[in-house]
Amino acid sequence: MSDSPLISPDQLAKFEFNDDLLSSYRKSKQIPLDLYDRNGKLIMAKKKNATEEDFGKLLKIELQGAYCLTTDKKNYRITSGETTDPRQTKLFDPEKTTEFAKQTESLILELKKEAFNSDHALRVHKSIGKVLDDFTSNPDFESGLFNILEILNHAGVPVESELMTKRTIVAMGMKVRTKKIGVGEDNKPNKKDHLSVMKASFLADIGYSKLVLPDKPNLTKEEYNAIQQHPIISYLMTLAAPEITQEIRTLVLNHHRPFRGSSINNNFPDNHTVFKKLMVIRDKCIKDPSKKTIVADIDAQLRIQESNVNSVNFEEDIAILSLASEYASLTTNQPWRPAFSSATALKMIVNDSFFSYSNRNIRHLLDYVGASLTNNQNIINVGDYVITASIDSEKQVHFDICKILEVDRFQTRPKIQRLCTIKPLFKKGIKYRIADFDINEIRMDKRRAVIDLAGQTSSTQRIIYIIDPEMNAPLFDAVTKMDIS
């Protein structure tokens, strides 16, 4: 392929990837046209009977961008006689999803009165397995709509059940769409990693069943400290069920550690706190021979906490759990506030991401399931204003106000025009966050440089704030006036 003659760039057109198109290729098991890089070098040849490996390569090519012959544009889509748009397919059956939420409600009520046990673990495994099988058996599972909010709005289940159901399903979607289900050594679908994330997501907050929670937004320090212990409580509850693997327990224990490292971030409880708590519990159990298995698991968790070295996949799974938790919470009615819309919730997560999530984490949420959660409506569109952050060679962070010029398939990697730099106003409360931006500290970019984030895969520049007129009207008005003048 490397020896193929170059095609003149003027014969090429940008190949526009989208979920509908890729789904049609996968269904027909063919890639109907040659793909080239911007210089006219062939990077993928057309192919019939394409394999999952071929589609995996296609997804990688998607990240770097690709071109096709202008004469081949007619071969973009493979028609199958279908008139329905797979992106409009509702992926979840209302009756089955409501049944899952009701089962979750029953489990929560039981855990308020009794300890988590093997019977509970087996029930969780069975019900979650059915959800995953139903989801992946839908031919449009990679592009259809996540109608979970629509269903749960009428399910009539308590907040705890709604949160657990929503979090588990959103986490499943993120995991399935970011890591395709492959085939194991037994030639059967290998869903172990996907089920692990789903179980951890389901069990992450069962510790709340042992806490008395205040129905108010402003917590005292003591109340917040109590809530911070729920990951440890949830972890300890799972120790009574050997069916819950050590990997799942590790995810449960760490599900509020969305950002790698121990520098300034929003991880809680922090490593030191978790380590001390586990040591106290271990010392109490070590003299009891019947708790040998529990001590062994705690020892393994202590080594993980002490080393703070985890695989990239593990860090991403933690971020998936945390992002799904935030989305579930924001889109659920709470005693002190109504639920936010799906689009507003996603914007709030992005705008609070600087200290909590990496660029890759946010991409997994927005680029793979974001539009599916908002009826295929992006939250980042042409004409919008965003703020990006980038790190220079001296480890200094720069914040730029930019205007969206083009958005292709990935809304986190649009083409942008830099308007100016601005300084953030940081605040340390319960969490580190950007409270606002100082409109008096704006420095204009006279060049109005244009940057294509999709073509800069190695760049540190990423979107960390969406300037929304309803969420920050003063900043939006200031930027609009500045852009017009």
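Residues numbered from 1 in each chain as written. Predicted model: local features only at pLDDT ≥ 70, side-chain atom pairs only at ≥ 80, totals over all residues. Heavy atoms only, no water.

## Describing the packing of aromatic side chains
Step number 1: Tallied over the entire structure, the rule returns 14 aromatic pairs.
Step number 2: Aromatic side chains F135 and F141 sit 5.8 Å apart centroid to centroid with 70° between the ring planes, which places their arrangement in the edge-to-face category.
Step number 3: Relative accessible area serves as the criterion here: at 1%, F135 is assigned to the buried category.
Step number 4: With a centroid separation of 5.1 Å and 80° between ring planes, the pair formed by F354 and F355 is classed as edge-to-face. Considered together, F354 and F355 belong to a single accessibility category, that of buried residues. (Phe/Tyr/Trp six-rings, centres within 6.5 Å; stacked < 30°, edge-to-face > 60°. Buried < 20%, exposed > 50% of the residue type's maximum accessible area, 1.4 Å probe, protein only.)

## A short note on the confidence of the model for the protein chain
Step number 1: Summary statistics for the protein chain give a mean pLDDT of 86 and a share of 93% for residues scoring 70 or more.
Step number 2: Confidence, read as mean pLDDT per element, is least for helix α1 (residues 19–28) in the protein chain (73) and greatest for helix α14 (residues 342–351) (97).
Step number 3: In the predicted structure, residues 79–83 sits below a pLDDT of 50 and forms one contact with residues beyond four places in sequence or in another chain. (pLDDT = per-residue confidence, 0-100. Helix = DSSP H or I, 4+ residues; strand = E, 2+ residues; numbered from the N terminus. Contact = heavy atoms within 4.5 Å.)

## Digging into the nonpolar core
Step number 1: Residues F116 and M172 are the most contacted members of the largest nonpolar core, which totals 81 residues.
Step number 2: Of all the elements, helix α13 (residues 312–330) adds the most residues to this core, at eight residues.
Step number 3: Two domains share this core, each providing at least three of its residues, namely domain 2 (90–331) and domain 3 (380–484).
Step number 4: Sequence-distant contacts of M172, that is, excluding residues within four places in its chain, are made with F92, V131, L132, F135 and M198.
Step number 5: Core analysis: the second largest hydrophobic core is formed by 19 residues, F354, A389, I422 and V479 among them. (Core = buried A, V, L, I, M, F, W, Y, C linked by side-chain atoms within 4.5 Å. Domains from an automatic or database assignment.)

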